[in-house]
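One-letter residues, chain by chain:
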Amino acid sequence: MVETRRGYHPDNESFGAFLMSPLVFRWALEGAYEVQSIAARTTNRSNDPDARHMADEYVVNPIPSGVTVGGNARGAAQVENHSDHAVAHEFGTTKQRGYRDLARAGARVGEFRGLKDE
Amino acid sequence: MTDLAPLPDPNAVMMALLQSAAPDVDPESDEAWYVGTAYPDELEQRSAPTLLVGHLGGPTDETGARPAIDVTVIAPTYTAAQGTIEIIEPAVMGARFAVLEGGWKIVIDRVEGQGFYEVEWDDTRLRRFMGTFTLTIRRGGTTKP
């Protein structure tokens, strides 16, 4: 049987503050940097050494308090690519299926489930 | 060392679910749906919905796997695409098993989805919707034929 204490109220406010603190936010950033490095390695590059490669243009965008998970504010980090070809490469066109390199990188690091209350 | 049962191809599992939900002939266009992993020939001329499946990845262990799988619905009109999604989304979310080609039956413990969203592309006449499902599938099932 679980021990309970009468009159005990968990301090949710400070727990929320802890989860928004740099101590925990660090994990979101680390995961995002891992996704970025996998995406950069798996995205196709041309053989031109002087070219500007889309694979090198994945950037990590920290969102310290921009995401709500199950009603609670949490720190998060996004991986983005602002290259001109990024959308066509990721999602494809009528001639070429999307490579989904960023989604695959995300699925390798974490569970691909989006923002759900779990 | 233990001999583990083989893991099914996640793309094949999803294609089996979509094919079992698909009508024999699309009521609007009188053509069959296309379900596959690559574009069909003459995608732009098709009037029936085209369904594409793509495995993104996901963790595996000795009991099974949790593959994330992309499903892309391409249809000539918004209404046709939404009608297709209304058929396939509940069929996939409610699936508890899938029967692959040859009768290999796979147990599905859980399905999680994120809904379908429109992704615009270079063709304005064809509407494209994408959704991602995460299946929790088990190894084995019935004996692989």
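Residues numbered from 1 in each chain as written. Chains lettered and ligands numbered in written order. Predicted model: local features only at pLDDT ≥ 70, side-chain atom pairs only at ≥ 80, totals over all residues. Heavy atoms only, no water.

1. Some thoughts on the pattern of salt bridges
Phase 1: Under the criterion given, the structure shown has eleven salt bridges over all chains.
Phase 2: Arg-138 of chain B serves as the salt-bridge partner of Asp-109 of chain B, at 2.7 Å between the closest nitrogen and oxygen. You can see Asp-109 of chain B sitting in strand 6 (residues 105-113) and its partner Arg-138 of chain B sitting in strand 8 (residues 127-138), a full 29 residues away along the chain.
Phase 3: A residue is classified by how much of its surface remains accessible, and Arg-138 of chain B, at 41% relative accessible area, is partly exposed.
Phase 4: With a shortest N-O distance of 3.8 Å, Glu-112 of chain B and Arg-110 of chain B are connected by a salt bridge.
Phase 5: Exposure remark for Glu-112 of chain B: the relative accessible area of 3% places this residue in the buried category.
Phase 6: Taking the relative accessible area as the measure of exposure, Arg-110 of chain B reaches 36% and is therefore partly exposed.
Phase 7: Overlapping salt bridges bring together Glu-90 and Arg-100 of chain A together with Asp-70 of chain B as one network. (Salt bridge = Lys/Arg side-chain N within 4 Å of Asp/Glu carboxyl O. Helix = DSSP H or I, 4+ residues; strand = E, 2+ residues; numbered from the N terminus. Buried < 20%, exposed > 50% of the residue type's maximum accessible area, 1.4 Å probe, protein only.)

2. Examining the interface of chain B and chain A
Phase 1: Each partner contributes to the interface: chain B provides 29 residues, whereas chain A provides 17 residues.
Phase 2: Interface area for chain B against chain A, summed over the two sides, is near 1,800 Å², with a carbon-plus-sulfur share of 45%.
Phase 3: A per-residue breakdown of the area chain B buries against chain A is headed by Tyr-39, Leu-56 and Gln-114 of chain B, which together make up 27% of the total.
Phase 4: Run the count over chain B and chain A and you get two salt bridges.
Phase 5: In this structure, Glu-44 of chain B engages Lys-95 of chain A in a salt bridge whose closest nitrogen and oxygen atoms are separated by 3.4 Å.
Phase 6: Taken together, the connections running from chain B to chain A amount to nine residue pairs in polar contact (both at pLDDT 80 or more).
Phase 7: Per-element accounting of the side of chain B that touches chain A gives the leading share, six residues, to strand 2 (residues 50-57) of chain B.
Phase 8: Looking at the side of chain B that touches chain A, its residues break down into eleven nonpolar, ten polar and eight charged. (Contact = heavy atoms within 4.5 Å. Buried area = accessible area lost by both parts, 1.4 Å probe. Polar contact = N/O pair within 3.5 Å; in protein donor to acceptor, adjacent residues only side chain to side chain. Nonpolar A, V, L, I, M, F, W, Y, C, P; charged D, E, K, R; others polar.)

3. What to know about the pairing of strand 6 of chain B
Residues and elements named next belong to chain B.
Phase 1: Of the strand pairs in this sheet, strand 5 (residues 97-99) and strand 6 are connected by three bridges, and their pairing is antiparallel. By the bridge assignment, Val-99 is partnered in strand 6 with Lys-105.
Phase 2: Count of turn residues in the strand 5/strand 6 antiparallel hairpin: five residues, of which Gly-102 carries a positive phi of about 90 degrees.
Phase 3: For strand 6 and strand 8, the ladder comprises five bridges, and the chain directions are antiparallel. (Pairing = 2+ DSSP bridges.)

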